[in-house]
Amino acid sequence: MSDARTTSSNNLPSSARVVVIGGGIIGTSIAYHLAHMGCDDVVLLERDEITSGTTWHAAGLMVTYGSLSETATEMRKYSKALYARLEAETGQATGINHCGFIELATDRGRLEEYRRVSAFNRYCGVDVHELSAREVQELFPLARVDDVLAGFYVEDDGRVNPVDVTMALARGARMQGATLITGVAVTGINRHRGRVTGVTTDRGDIACEYVVNCAGMWARQLGEQHGVLIPNQAAEHYYLITEPVAGISRQWPVLEDPANYGYYREEVGGLMVGLFEPVAAPWRVEGIPDNFSFGELAPDWGRMTPFLESAMSRVPISLKSGIKKFFCGPESFTPDLAPIVGEAPELDNYFVAAGLNSIGILSAGGLGRIMAHWILNGRPDVDVTGFNIDRFHPYQGNPDYRRDRAVEALGTVYKCHYPTKAPATARNARRSALHERLVAAGACFSEASGWEAPSWYAPPGVEAAPGELSFGRMHWWPYWEREHRACRENVVLMDMSIMSKFLVQGRDAGTVLERISANRVNGATGVITYTQWLNDAGLLEADLTVTKLAEDKFLVVVTDTMHRHAETWMRRHIGDGEFAVITDITAGMTQINIQGPRSRALLQAVTSADLGNEAFPFRCARDIDIGYGRALCIRITYAGELGYELYIASDQAVNVYDRLVAEGANHGLVHAGLRALGSLRLEKGYRDYGHDIDNTDDAFAVGLGFAVALDKPGGFIGQQAAARQQAAGPSQRRLVQVLVEDPEPLLWQAEVIYRDDIAVGYVRAGSYGHTLGGAVGLAMIEPGETVDLQYLQSGHWEIDIAGLRYPCRCSLKPLYDPAMARIKA
């Protein structure tokens, strides 16, 4: 059997197919999986030694419980299974110990959160059991349980040895033909016409087809050298190890108590107390030293003592035990606490896997498999919309932004994850031209892709503040309901400047957009078209609108979260010899949506343009005058009512807004925020890419086949695959609209749906249907048999909400205005 010793730096190869940069657990896992998938021309370069950086000092928890992301949960499950079999494959132990894991709930918010998580995790195959306080103490006898409401227990979760796992992955990679080289520093990237061609090192160059940046907390600095944005930031991270504690056992489960900032497990006969304090300390914002490979930081006892005392109070004997070690080692965190994964939008074939937010060990196996598949097959095979590197914007790499957000990021790990919780730090980075007007109107702002976006509006005399968070009806419920009903019954104004907007111009603009769009978008001038962009497998890459303004000028509008993804997709599909220019006009164009049955009456009162049904039909797009300003007016809706979107140059936006509000007083105009938009669109069953549809879906399974023009002359990307999908008939996985028949419970995300007592799917996005009279959402149903009208109308349907089952209805058609009569009125 080959051993896991790495190759000498004197034997640097001249070429490879893939070069992986970084020898921590992420890099070695990617090399391992690339090699196992048949790519035997893989070179991993590590500047120091395997496991240097953060892997060597990780706590080694191997926990599958806790996520409402199917992708994240499956990554964890795969990792655990991989680590369990690696020793047999490689001869290298991983230290895996299936001692179990318990999450403690000590307040009502966490109890509901964990019950919701448990229901979803069980659906994903994680065997979670809810325990009483007495049962928790039986499993972890030294724990104080007087305030414990429940524990959530996974018997075969536990821990691994991070160094051993990494060495096993390294050995497994070499056994399959990969080359791992230590003591070689990557100093640069070679490129040609926007594509990677190789790496430069302090020992010479390696030509390659792909590069994978797995440099951990150095990933940002390495990426900056190549013009690639990777906004992770190191922060201090602590754990304490006590002197030996009598009676403690390695077979006791890992215990986690977020309310007291701590996790606990046996360590060399003592107790490890790990910490995720609520207010963290960023480290070396200016840059991580190159030689900090196996370093540690001096603990800040003054700052950490209150948090440490709180954590140790869960296991009181720890307060009386001697302290063997109080360790502080930096780990990197991301602005939204999700990993940074995928192909960089700035440079073709440059991949990144970094920013694991202290869950690198338990994610590494699954992430390595995903990355290997993505690189070798050209696309991921799981939903990556929440992880994709192209979700970030350049300002998020700024030192001030990283410093301020890092204070909050680490602490968020152990805070209750309420569904409407918004970041509190690094705010006001992006503001609409109407921001001050919206403040005066009572807007309570949340963050949407860095934008300050109105969530809801407070009435006069009420503070526009989020208030106490919960999973139930919060204090702003009546304000939200008022906005929702105003749109259904009258007229609302929404500032939607957060939407990503691009002008695509030039001789071949129409040709390019027609080729990448599944629908016909290069038809008559002055028409907006709803379309999807597909990849070669016929799966969704984007969901958007294209408006043809002239023969050589188009407006592309896509959701805020897909900004750089859509821009990159367009850029990468302009062919050699084609002339098309993409201009990001998001910040330069303010978007105001006027929606509701009285929207036409309001707009007609402020413009000389004829907005009558014949002169300005549904999907019409035309420049109109409003006050002293001009607006591109498009008759379209995302709320399910008669409505219009106005695109106004930002220098004229306030003038247009003021004119609309002044006239709106005569029409009962109400300001509405994103909370209302969410409930309105889910009542109508409108999709939102990155939330209820993603890159694993085809258009027919999610009810968007009407927007796929299979007979379009010239074809489009993904046409052949889409034709096969349509020919296959009704799918065994379908996105359906869900309505809870009881008006009291609420849907947020990941609630599991049962048919005849069998779990068949879960809610991807939920809200409350104030018109329909119950919680409403979109859910993916995957029962292993054809999902059609007969299937949905038969059987007994229920939905699990925080451990309780409620009757529900599932429909392929919108439950609100299925004939679109109101939209086309």
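Numbering of residues begins from 1 in every chain and follows the order in which that chain's sequence is written. Reporting of local features is limited, given that this is a predicted model, to residues whose pLDDT is at least 70; pairs of side-chain atoms are given and counted only at 80 or more, and all residues count toward the totals for whole chains, interfaces and linings. Hydrogens and water molecules were not included; the side-chain quantities draw on all heavy atoms of the structure.

## Some points on the UniProt feature "domain: Aminomethyltransferase C-terminal" (unreviewed entry) in the protein chain
Short version of the rule: UniProt positions are given in the numbering used here, feature names are shortened, and annotations may be inferred rather than shown by experiment. Secondary structure follows DSSP: runs of H or I at least 4 residues long count as helices, runs of E at least 2 residues long count as strands, and numbering of each begins at the N terminus.
This chain's UniProt record puts "domain: Aminomethyltransferase C-terminal" (unreviewed entry) on residues 733–817. Within the segment residues 733–817, helix and strand shares are 6% and 52% respectively, and the terminal C-alpha atoms sit 24 Å apart.

## Describing the side chain of Arg 681
Which entries qualify depends on this criterion: The buried label applies to any residue whose accessible area, calculated with a 1.4 Å probe on protein chains only, is under 20% of its type's maximum; exposed applies above 50%, and partly exposed to all values in between. Contacts described as polar in this section are N or O atom pairs within 3.5 Å, which, within protein, must combine one atom able to donate a hydrogen with one able to accept it, while residues neighboring in sequence count only if both atoms come from side chains. Only heavy atoms enter the contact rule, under which two residues are in contact if any of them lie within 4.5 Å.
By secondary structure assignment, the location of Arg 681 is in helix α17 (residues 674–684). Taking relative accessible area as the criterion, Arg 681 reaches 6% and is therefore assigned buried. From its side chain, Arg 681 meets the backbone oxygen of Tyr 686 in a polar contact 2.7 Å long. Apart from the residues within four sequence positions on either side, Arg 681 is in contact with Tyr 638, Tyr 686, Arg 687, Asp 688, Asp 692, Ala 765 and Leu 778.

## A word on the pattern of salt bridges
For the record, the criterion: Only one rule defines a salt bridge in this text: a Lys or Arg side-chain nitrogen within 4 Å of an Asp or Glu carboxyl oxygen.
Across all of its chains, the model carries 56 salt bridges by this definition. Glu 130 is the partner of Arg 115 in a salt bridge, and the nearest nitrogen-oxygen pair spans 2.8 Å. In this pair, Arg 115 sits in helix α3 (residues 108–123) while Glu 130 sits in strand β5 (residues 128–131), placing the two residues 15 residues apart along the sequence. A relative accessible area of 29% means that Arg 115 is categorised as partly exposed. Of the charged contacts in the structure, one is a salt bridge between Asp 688 and Arg 681, with a shortest N-O distance of 3.9 Å.

## Concerning the pairing of strand β12 (residues 210–213)
Heads up, the rule is: Pairs of strands are assigned from DSSP output, requiring at least two bridges between the strands.
Alternating residues of β12 divide into Tyr 210 and Val 212 and Val 211 and Asn 213, and every residue in both groups is buried. In this sheet, β12 lies alongside strand β1 (residues 18–21) in parallel orientation, the contact comprising four bridges. By the bridge assignment, Val 20 is partnered in β12 with Val 212. One ladder, built from three bridges, connects β12 with strand β21 (residues 350–354); its direction is parallel. Within β21, the position partnered with Val 212 by the bridge is Phe 351.

## Description of the layout of surface pockets
Basically, it comes down to this: A pocket here means an open set of points on a 1 Å grid, computed over the protein atoms alone, that has protein on both sides within 12 Å along at least five of seven lines. A cavity is instead a set of points where a 1.4 Å probe fits but cannot get out; residues with an atom within 4 Å of a point line either one. Grid points are joined across faces, edges and corners, and a volume is the space filled by probe spheres set on the points. Under the convention adopted here, Pro, Cys and the residues Ala, Val, Leu, Ile, Met, Phe, Trp and Tyr are nonpolar, Asp, Glu, Lys and Arg are charged, and Gly plus all remaining residues are polar. As annotated, the domain borders come from an automatic or database domain assignment.
Roughly 970 Å³ of internal volume is contained in the second largest pocket. Listed by contribution, the elements that provide at least two residues to the lining of the second largest pocket are α9 (360–377), β27 (540–550) and α14 (563–572). It is α14 that provides the largest number of residues to the lining of the second largest pocket, a total of five residues. The residue makeup of the lining of the second largest pocket, split by class, is 14 nonpolar, 13 polar and 11 charged. Two domains each put at least three residues into the lining of the second largest pocket: domain 1 (10–96 + 156–232 + 334–392) and domain 2 (497–587 + 698–729).

## As for the domain arrangement of the protein chain
For the record, the criterion: Accessible area, probed at 1.4 Å, shrinks when two parts are joined; the buried area is that loss added up over both.
Here the protein chain is described as being made up of domain 1 (10–96 + 156–232 + 334–392), domain 2 (497–587 + 698–729) and domain 3 (595–666). Centre-to-centre, using C-alpha coordinates, domain 2 lies 25 Å away from domain 3. Taken residue by residue, the interface counts 10 residues in domain 2 and eight residues in domain 3. Roughly 710 Å² is buried in total at the junction of domain 2 and domain 3, and carbon and sulfur atoms are behind 65% of that figure. When residues of domain 2 are sorted by the area they lose upon contact with domain 3, Gly 526, Ile 528 and Leu 555 head the list and together hold 54% of the total. Viewed at the interface, domain 3 and domain 2 are joined by zero salt bridges. Counting the contacts that link domain 2 with domain 3 gives four residue pairs in polar contact (both at pLDDT 80 or more). Sorting the residues of the side of domain 2 that touches domain 3 by element identifies β26 (527–534), β27 and β28 (553–558) as the ones contributing at least two each. The leading source of residues in the side of domain 2 that touches domain 3 is β26, at three residues. Tallied by class, residues from the side of domain 2 that touches domain 3 come to six nonpolar, three polar and one charged.

## Remarks on the environment of Asn 398
Looking at where Asn 398 falls in the secondary structure, it is placed in the loop between α9 and α10 (399–412). A residue is classified by how much of its surface remains accessible, and Asn 398, at 40% relative accessible area, is partly exposed. Residues Asn 398 and Lys 824, 426 residues apart in the sequence, show an inter-C-alpha distance of 46 Å.

## Some remarks on the sheet that holds strand β10 (residues 195–201)
So the rule is basically this: Whenever a helix is involved, its axis is fitted only over the stretch in contact; in every case the axis is a line through C-alpha atoms, and angles between N-to-C directions fall within 0 to 180 degrees.
As summarised here, the arrangement of the three strands in space is β9-β10-β11, forming an open sheet in which the pairing is antiparallel. At either margin of the open sheet sits one strand with a lone partner, and together these are β9 (186–192) and β11 (204–207). Looking at each pair of strands side by side, their axes are set apart by 25° on average, direction ignored. Summarising the sheet, β10 and β11 pair through four bridges and their orientation is antiparallel.

## Some words on the UniProt feature "domain: GCVT N-terminal" (unreviewed entry) in the protein chain
Residues given the UniProt feature "domain: GCVT N-terminal" (unreviewed entry) here are residues 434–712. Note that residues 434–712 is 24% helix and 29% strand, and that its end C-alpha atoms are spaced 41 Å apart.

## With respect to the environment of Gly 22
Position of Gly 22 among the secondary structure elements: in the loop between β1 and α1 (25–36). A sequence separation of 586 residues divides Gly 22 from Ser 608, and the C-alpha atoms of the two residues are 63 Å apart. Ignoring sequence-local partners within four residues, the contact set of Gly 22 consists of Gly 27, Thr 28, Leu 44, Leu 45, Glu 46 and Cys 214.

## Observations concerning unusual backbone geometry
In most cases, non-glycine residues show a negative phi, while peptide bonds are predominantly trans. Phi at Tyr 261 is positive, roughly 70°, even though this residue is not glycine. Structurally, the position occupied by Tyr 261 is in the loop between β15 (254–257) and β16 (262–267). Even without glycine at this site, Asp 756 takes up a positive phi of about 50°. With respect to the secondary-structure elements, Asp 756 resides in the loop between β36 (752–755) and β37 (758–769). The class for Asp 756 is partly exposed, based on a relative accessible area of 43%.

## Thoughts on the packing of aromatic side chains
For any pair of aromatic rings, geometry is given as the distance between the ring centres together with the angle between the planes. Using the following cut-off: For Phe, Tyr and Trp, where Trp contributes only its six-membered ring, two rings pair if their centres lie within 6.5 Å, and the inter-plane angle classes them as stacked under 30 degrees, edge-to-face over 60, or tilted in between. Put simply, a charge is over a ring when the Lys NZ or the Arg CZ is close to the ring centre, within 6 Å, and near the line of the ring normal, within 35 degrees.
Under the criterion given, the structure shown has 29 aromatic pairs. Judged by centre distance (4.9 Å) and plane angle (75°), the rings of Phe 120 and Tyr 762 are edge-to-face. Taken as a pair, Phe 120 in helix α3 and Tyr 762 in strand β37 lie far apart in primary sequence, 642 residues in all. A relative accessible area of 10% places Tyr 762 in the buried class. Put simply, the rings of Trp 456, Trp 476, Trp 477, Tyr 479, Trp 480 and Tyr 768 pair up and form one aromatic cluster. For the cation-ring pair, Arg 47 lies above Trp 218, with the distance from its terminal atom to the ring centre recorded as 5.0 Å. In this arrangement the basic side chain of Arg 805 is found over the ring face of Tyr 754, its NZ or CZ atom lying 3.6 Å from the centre.

## Observations concerning the sheet that holds strand β20 (residues 340–343)
In a beta sheet, neighbouring strands pair by backbone hydrogen bonds and run either parallel or antiparallel. Taken in spatial order, the six strands of this open sheet run β8-β2-β1-β12-β21-β20, and their pairing is mixed. The open sheet has two edge strands, β8 (179–182) and β20, and neither has a second partner. When the angles between neighbouring strand axes are averaged without regard to direction, this sheet yields 15°.

## Some thoughts on the packing of α1 against helix α5 (residues 162–175)
The condition is simple: Under this scheme an angle from 65 to 115 degrees is roughly perpendicular, one under 35 degrees roughly parallel, and one over 145 degrees roughly antiparallel; angles in between are oblique. By the definition used in this description, the sense in which the near helix is turned from the far one sets the handedness, with an anticlockwise turn below a right angle giving left-handed and a clockwise turn giving right-handed.
One can describe the packing of α1 onto α5 by two numbers: an axis separation of 8 Å at closest approach and a directional angle of 30°. Relative to α5, the element α1 is oriented roughly parallel. In this structure, α1 crosses over α5, and the sense of that crossing is left-handed. Taken together, the residues of α5 that come into contact with α1 (itself represented by Ile 25, Thr 28, Ser 29, Ala 31, Tyr 32, Ala 35 and His 36) are Val 165, Thr 166, Leu 169, Ala 170, Gly 172 and Ala 173. Of the residues assigned to the contact of α1 with α5, the class counts are eight nonpolar, five polar and no charged.

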